[in-house]
Protein chains: 2
Amino acid sequence: MNIPECNLKKVVIIGAGFGGYQIATKLRRDKFQVVLLDKNNYYTFQPLLYQVATAGLEPDSITHPIRTIIKNKENFYFRLANVYRIDPKIKKVYSNMGDLSYDYLIIATGSTTNFFGHKNIERYALPIKSVMEAIKLRSLILQSFETALFTKDVKERDRLMTFVIAGGGPTGVEISGALSELKNFIFPKDYPDLDISRMSIHIIQATFRLVDGMSKASSDATLNYLKKSGVNIWLNCLVKDYDGNTVYIDNGQKIESVNLIWSAGVKGSIIEGFENVSIEEGRFRVDAYNMVKNYEGVFAIGDVAAMKRDNRNAYPMIAQPAIQQGIHLAKNLNLLAEGKEMIPFRYIDHGSIAIIGRNKAVCDLPWLQFKGFFAWLIWIYIHFINLIHVRNRIIVLTNWIIQYYQYNKSIRLIIQSYKRILPEKKEAQ
Amino acid sequence: MNIPECNLKKVVIIGAGFGGYQIATKLRRDKFQVVLLDKNNYYTFQPLLYQVATAGLEPDSITHPIRTIIKNKENFYFRLANVYRIDPKIKKVYSNMGDLSYDYLIIATGSTTNFFGHKNIERYALPIKSVMEAIKLRSLILQSFETALFTKDVKERDRLMTFVIAGGGPTGVEISGALSELKNFIFPKDYPDLDISRMSIHIIQATFRLVDGMSKASSDATLNYLKKSGVNIWLNCLVKDYDGNTVYIDNGQKIESVNLIWSAGVKGSIIEGFENVSIEEGRFRVDAYNMVKNYEGVFAIGDVAAMKRDNRNAYPMIAQPAIQQGIHLAKNLNLLAEGKEMIPFRYIDHGSIAIIGRNKAVCDLPWLQFKGFFAWLIWIYIHFINLIHVRNRIIVLTNWIIQYYQYNKSIRLIIQSYKRILPEKKEAQ
């Protein structure tokens, strides 16, 4: 790769997400040459992807060009490249745009959708982990209704108007809530010649509780909110199979739907080239300094890193550990460069929050749980201040305010139409 | 097509652009059943497409869902369908979503890019007539720079950083101006490790004047503005051929560039099914009532219609005639429904305006020509008030204000990467 020669140690960061962004901006560039690699030229604010998918925000308002963070930064190089392999023995990364040597490597590749080996589900269902996937999902939702208008076959029409969300974590709950708002406030006006009361939304959760990473109080509140909004809730159920028309559930029941949204799991975006002993449950095993087991000078942070805390599970795959580890690792590398010792990482849990709809959210703080309008305000505030750029903030807020007062979502656009993969015909010849 | 039966006469409108939108909203729905067909579910504000292509605006801020105009309108049906053929004898339109009968038909399909039969240019160059094309162009521009960073081959790097705009009409001039702003203000910060002074912009115009639909004064001012911004201007030249790497000009010269932007011509989006005598230079021949020659009850408006004025050319293919004809035809059909006579169309030329860059525009009013900052303000005002929806206005204005003060364009996103068609290898085997 075409990076200028330099006497400083070279730090290569793979991934400009929550964690990678922190490191890239906080490393001392008088001590290191910093090279940031990402397969996209933009940073994505992932917690709002579901709003892109449900026509609440434009894709460009939750993304921001990575190059703006480079502005006037010496010794900092961004390259748009997709890294597919690492050779830690010779300290090299291999990408679609050529190879690159490093002194320190930071893997901050985040996570990707986990279909748990279900090939059919992977083929027919839609995940929501990237901007392109969110745009596709928006198109699928709108196209289903546009298509429903053309059919006189009631069964097919219902199938087009049925939405199944696999996974009752924060993303699944937020999508269900947003879909129920579309059903209750927007689609009846958009499709006066369709009977929108026949639109049905199902959420399928593997355990006995929705958002089961949160407190019992919050998960009960979530259940009540969604029930009141008309969402059908299936607890202790798993999606077993899907053929593009029918969702098969492990309790023997099935739901006819062409819209299966998969938010039932993620896995670390591991890169090839490491021994199995360094990988655990699809994430890199790292020590308290985020160093990958058995690989001196290679670090992993965020979703792709599994840092064990004395007999407890690794940190959850959410934004907070990624951000905190990014900041901490930058500090540690800066210490190293000064010949000082690194400090072990300590996680501070700031709590968790999920939005369910208009004026409705649930919030768990370490010392308090609450719900309703106040939690909803807090959710808005947190997501607003965490957007990186002033343009994103103004545009997101503008959209939210207009939607709030107009009971409207103006971004119901099928800019890129989604080509649904049609189920294979099963009839005998 | 699944449209309810009704005793009223059925008006089918093909196309929800500037003209179609006017008719659809102004027809009396106590007299007509109105069916609006479009291949997109959104309305596009085409005059700002070039800003999407040059990273100044997000695609969603210049588009608006068509269904919002339906809200609470009785007897009004929108269907997302692509009409490919009309049978005027039996009064039927055929689309990818089925067929539909009409009493009155209004063709408002607008125009599409005209490559004048140049197959190679069509294959390798990028037009800019739709939102998807603008997104692709944005990706192409940004990808060219991202790719330039990886190459040590100076010739290839220059080729990636050279932009050729074929066509010096308003669109070509506006794109050239926007590209020169990227060169002068933005890319030097984005790509500190590229020598941006090597970026070159060429505009190729077939006649002796840029924007030759405007006054001599305005076209001289445009030339001066662009020259000062560093754009290379080729007058009285035509692009003869293009192989994806080299632009061949009819004066024997050539320009090495992987970025040829085609804004050199449009043609009416004619639909199959009519006699040749009704079509002239790729547009439907219409009388002063917008009725298509030889076809009672079939109307065409806007870019796809050629309305002759006593020995003068048909109206230009721009927004104004489309809007005025749309409003007028709606009035005429409403008159017909009351048993009254239709009134012939009269065009009112409000003048024309083109933007060249920061604080720079040219404006021709029927009684006055002017340029510079005031023209630029007028351009902004006109485009601002003509955006349909309040959300679009706020978001467009926010982007413009931030860009103006920050000398920045925040939408430099390659959300959907553009797969460049590579030139065929010509070496002997």
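Computed from a prediction, not measured in an experiment: that's the story for all the values here. Throughout this description, residue numbers start from 1 for each chain and increase along the sequence as written. Whichever chain is written first becomes A and whichever ligand is written first becomes 1, with later ones labelled in order. Under the rules for a predicted model, residues below a pLDDT of 70 receive no local features and side-chain atom pairs below 80 are neither given nor counted, while totals for whole chains, interfaces and linings still include all residues. Side-chain measures here rest on the full set of heavy atoms in the structure, leaving out hydrogens and waters.

K.L.:
Break down the overall build of chain A for me, citing the residues and quoting the values.
P.N.:
Secondary structure counts use DSSP, requiring at least four H or I residues in a row for a helix and at least two E residues in a row for a strand, with both numbered from the N terminus. Broken down by element type, chain A carries 10 helices and 25 strands. Radius of gyration: C-alpha atoms only; globule rule: 2.2 Å multiplied by the number of residues to the exponent 0.38. Expected size for 429 residues packed as a compact globule is a radius of gyration near 22 Å; at 23 Å, chain A falls within 12% of this value. Taken along the three principal axes of its C-alpha coordinates, chain A extends 70 × 55 × 45 Å. Relative accessibility decides the category of a residue: with a 1.4 Å probe and only protein chains considered, values under 20% of the type maximum give buried, values over 50% give exposed, and everything between is partly exposed. Residue burial in chain A is summarised as follows: out of 429 residues, 58% are buried.

K.L.:
So, the interface of chain A and chain B: which residues are in play, and what are the values?
P.N.:
In what follows, residue pairs with any heavy atoms lying within 4.5 Å of each other are defined as contacts. The interface is formed by 54 residues belonging to chain A together with 54 residues belonging to chain B. Note: buried area is the sum, over both parts, of the accessible area (probe 1.4 Å) each one loses when the two are combined. Broken down residue by residue, the surface that chain A buries against chain B is led by Arg67(A), Phe150(A) and Ile415(A), which jointly contribute 15%. A pairing counts as a salt bridge when a side-chain nitrogen of Lys or Arg comes within 4 Å of a carboxyl oxygen of Asp or Glu. There are eight salt bridges connecting chain A and chain B. The shortest N-O distance in the salt bridge between Arg391(A) and Glu58(B) comes to 2.8 Å. N or O atoms closer than or at 3.5 Å make up a polar contact, with two conditions inside protein: a donor-capable atom paired with an acceptor-capable one, and, for residues adjacent in sequence, both atoms drawn from side chains. Along the contact surface separating chain A from chain B lie 20 residue pairs in polar contact (both at pLDDT 80 or more). Secondary structure elements with two or more residues in the side of chain A that touches chain B: strand S4 (63-65), strand S5 (76-80), helix H4 (131-148), helix H6 (170-190) and helix H10 (390-406) of chain A.

K.L.:
Quick rundown of the sheet that holds strand S19 (residues 279-280) of chain A? Include the residues and the values.
P.N.:
Residues and elements named next belong to chain A. Read from one edge to the other, the open sheet built from three strands follows the order S19-S20-S22, with strand pairing classed as mixed. Taken across any chain shown, the strands that pair with only one partner, and hence form the sheet edges, are S19 and strand S22 (305-307). Both strand S20 (residues 283-286) and S22 contribute to a ladder of three bridges, which runs parallel. Its bridge partner lying in S22, Val286 is registered against Met307. Here, strands pair whenever DSSP counts at least two bridges between them.

K.L.:
Which residues make up the domain arrangement of chain A, and what are the values?
P.N.:
Residue and element names in this part refer to chain A. Annotation comment: domain bounds sourced from an automatic or database domain assignment. Considered domain by domain, chain A is made up of domain 1 (9-39 + 81-113 + 267-337) and domain 2 (119-264). Using only C-alpha atoms to locate each centre, domain 1 and domain 2 end up separated by 35 Å. The contact between domain 1 and domain 2 buries some 250 Å² in all, and 56% of this surface belongs to carbon and sulfur atoms. The largest per-residue losses of area from domain 1 upon contact with domain 2 belong to Ser111, Thr112 and Thr113, which jointly make up 97% of the total buried on that side. Inspection of the domain 1/domain 2 interface yields zero salt bridges.

K.L.:
Tell me about a nonpolar patch on the surface, and name the residues and values.
P.N.:
Taken together, the side chains of Phe373(A), Phe374(A) and Leu377(A) make up a nonpolar region of the molecular surface, amounting to roughly 310 Å² of accessible area. Assignment of secondary structure puts Phe374(A) in helix H9 (residues 373-386). Residues enter a patch when their relative accessible area is above 30% and they make no salt bridge; the linking distance is 9 Å between like charges and 5 Å between nonpolar side chains (Val, Leu, Ile, Met, Phe, Trp, Tyr). All accessible areas in this document rest on Shrake-Rupley with a 1.4 Å probe, and a residue is counted as covered only by the protein chains that are shown.

K.L.:
Describe the packing of helix H9 (residues 373-386) of chain B against helix H10 (residues 390-406) of chain B, with residues and values.
P.N.:
Residues and elements named next belong to chain B. Following both chains from N to C, one finds H9 and H10 inclined at 150°, their axes separated by 9 Å at the closest point. For the element pair H9 / H10, the angle class is roughly antiparallel. Taking contact as the criterion, the partners of Phe373, Trp376, Trp379, Ile380, His383, Phe384 and Ile385 in H9 are, on H10, Arg393, Leu397, Trp400 and Tyr404. Each residue receives one of three labels: charged for Asp, Glu, Lys and Arg, nonpolar for Ala, Val, Leu, Ile, Met, Phe, Trp, Tyr, Cys and Pro, and polar for the others, Gly being one of them. Per-class residue counts for the contact of H9 with H10 are nine nonpolar, one polar and one charged. Angular values range over 0 to 180 degrees, each being the angle between N-to-C directions of two axes fitted as lines to C-alpha atoms, with helices fitted over their stretch in contact. An angle counts as roughly parallel when it lies under 35 degrees, as roughly antiparallel when it exceeds 145, as roughly perpendicular when it falls between 65 and 115, and as oblique in every other case.

K.L.:
Please provide a residue-by-residue account of the UniProt feature "transmembrane region" (unreviewed entry) in chain A, values included.
P.N.:
UniProt positions are given in the numbering used here, feature names are shortened, and annotations may be inferred rather than shown by experiment. Here, the residues flagged by UniProt with the feature "transmembrane region" (unreviewed entry) are residues 373-390 of chain A. The span residues 373-390 of chain A carries 83% helix and 0% strand; its end-to-end C-alpha distance comes to 25 Å.

K.L.:
Quick rundown of the pattern of salt bridges? Include the residues and the values.
P.N.:
As enumerated under the stated definition, the model contains 31 salt bridges over all chains in all. Of the charged contacts in the structure, one is a salt bridge between Asp60(B) and Arg138(A), with a shortest N-O distance of 3.2 Å. Here Arg138(A) lies in helix H4 and Asp60(B) lies in the loop between helix H2 (49-53) and strand S4 (63-65), a pairing that spans two chains. Accessibility assignment for this pair places Asp60(B) and Arg138(A) in one class, buried.

K.L.:
An account of the relation of the copies chain A and chain B is needed here, citing residue identities and associated values.
P.N.:
Superposing chain A onto chain B takes a rotation of 180° combined with a translation of 0.0 Å along the rotation axis, leaving an RMSD of 0.0 Å. Within this description, the copies of the chain are treated as partners about a two-fold rotation axis. Of the C-alpha atoms belonging to chain A, the one lying closest to the rotation axis is found on Ile395(A), 3.1 Å away. For this overlay, a least-squares fit was computed on C-alpha atoms, restricted to residues scoring pLDDT of at least 70 in both copies.

K.L.:
Just give me the short version of H10(A), but keep the residues and values in it.
P.N.:
One less than the number of residues in a helix, times 1.5 Å, gives the span that helix is expected to have. With 17 residues, H10(A) ought to run about 24 Å at 1.5 Å a step, and its terminal C-alpha atoms sit 24 Å apart, in line with that. Those residues of H10(A) lying buried are Arg391(A), Asn392(A), Ile395(A), Val396(A), Thr398(A), Asn399(A), Trp400(A), Ile402(A) and Gln403(A). Tucked into the core, H10(A) has its buried residues touching helix H2 (49-53), S4 and H9 of chain A together with H10 of chain B. Just past H10(A), the residue Tyr407(A) takes up positive phi, approximately 50°.

K.L.:
Outline the UniProt feature "domain: FAD/NAD(P)-binding" (unreviewed entry) in chain A, supporting the account with residue identities and numerical values.
P.N.:
Within this structure's numbering, the places UniProt gives as "domain: FAD/NAD(P)-binding" (unreviewed entry) are residues 9-326 of chain A. Between the C-alpha atoms that bound residues 9-326 of chain A there is a distance of 19 Å. The span itself is 27% helix and 27% strand.

K.L.:
Go over the side chain of Thr63(A) with me, naming the residues and quoting the values.
P.N.:
Turning to its location among the elements, Thr63(A) is positioned in strand S4. Within the local environment of Thr63(A), its side chain forms a polar contact with the backbone oxygen of Pro59(A), the two atoms lying 3.1 Å apart. Here the side chain of Thr63(A) touches Asp60(A) through a polar contact of 3.4 Å, landing on its backbone oxygen. Excluding its chain neighbours within four sequence positions, the residues that come into contact with Thr63(A) are Tyr42(A), Tyr43(A), Thr44(A), Val131(A), Arg391(A), Asn392(A), Leu413(B) and Ile415(B).

K.L.:
Please give an account of empty space enclosed by the protein that cites residues and values.
P.N.:
A 1.4 Å probe that fits but cannot get out identifies a cavity on a 1 Å grid over protein atoms alone, an open set with protein on both sides within 12 Å along at least five of seven lines counts as a pocket, and a residue lines either if it has an atom within 4 Å of a point. Grid points are joined across faces, edges and corners, and a volume is the space filled by probe spheres set on the points. On inspection of all chains with the given rule, the structure shows seven cavities of 30 Å³ or more. In this structure, the largest cavity occupies an estimated 140 Å³ of space. Lining the largest cavity we find 14 residues, and of these Pro59(A), Ile135(A), Ile415(A), Ile135(B) and Ile415(B) sit closest to its centre. When contributions to the lining of the largest cavity are tallied by element, the ones reaching two or more residues are H4 of chain A together with helix H4 (131-148) of chain B. Looking at the lining of the largest cavity, its residues break down into eight nonpolar, two polar and four charged.

K.L.:
Outline unusual backbone geometry, supporting the account with residue identities and numerical values.
P.N.:
The phi angle at Phe116(A) is positive, at roughly 50°, despite the residue not being glycine. In this fold, Phe116(A) is placed in the loop between strand S10 (111-113) and helix H3 (119-124).

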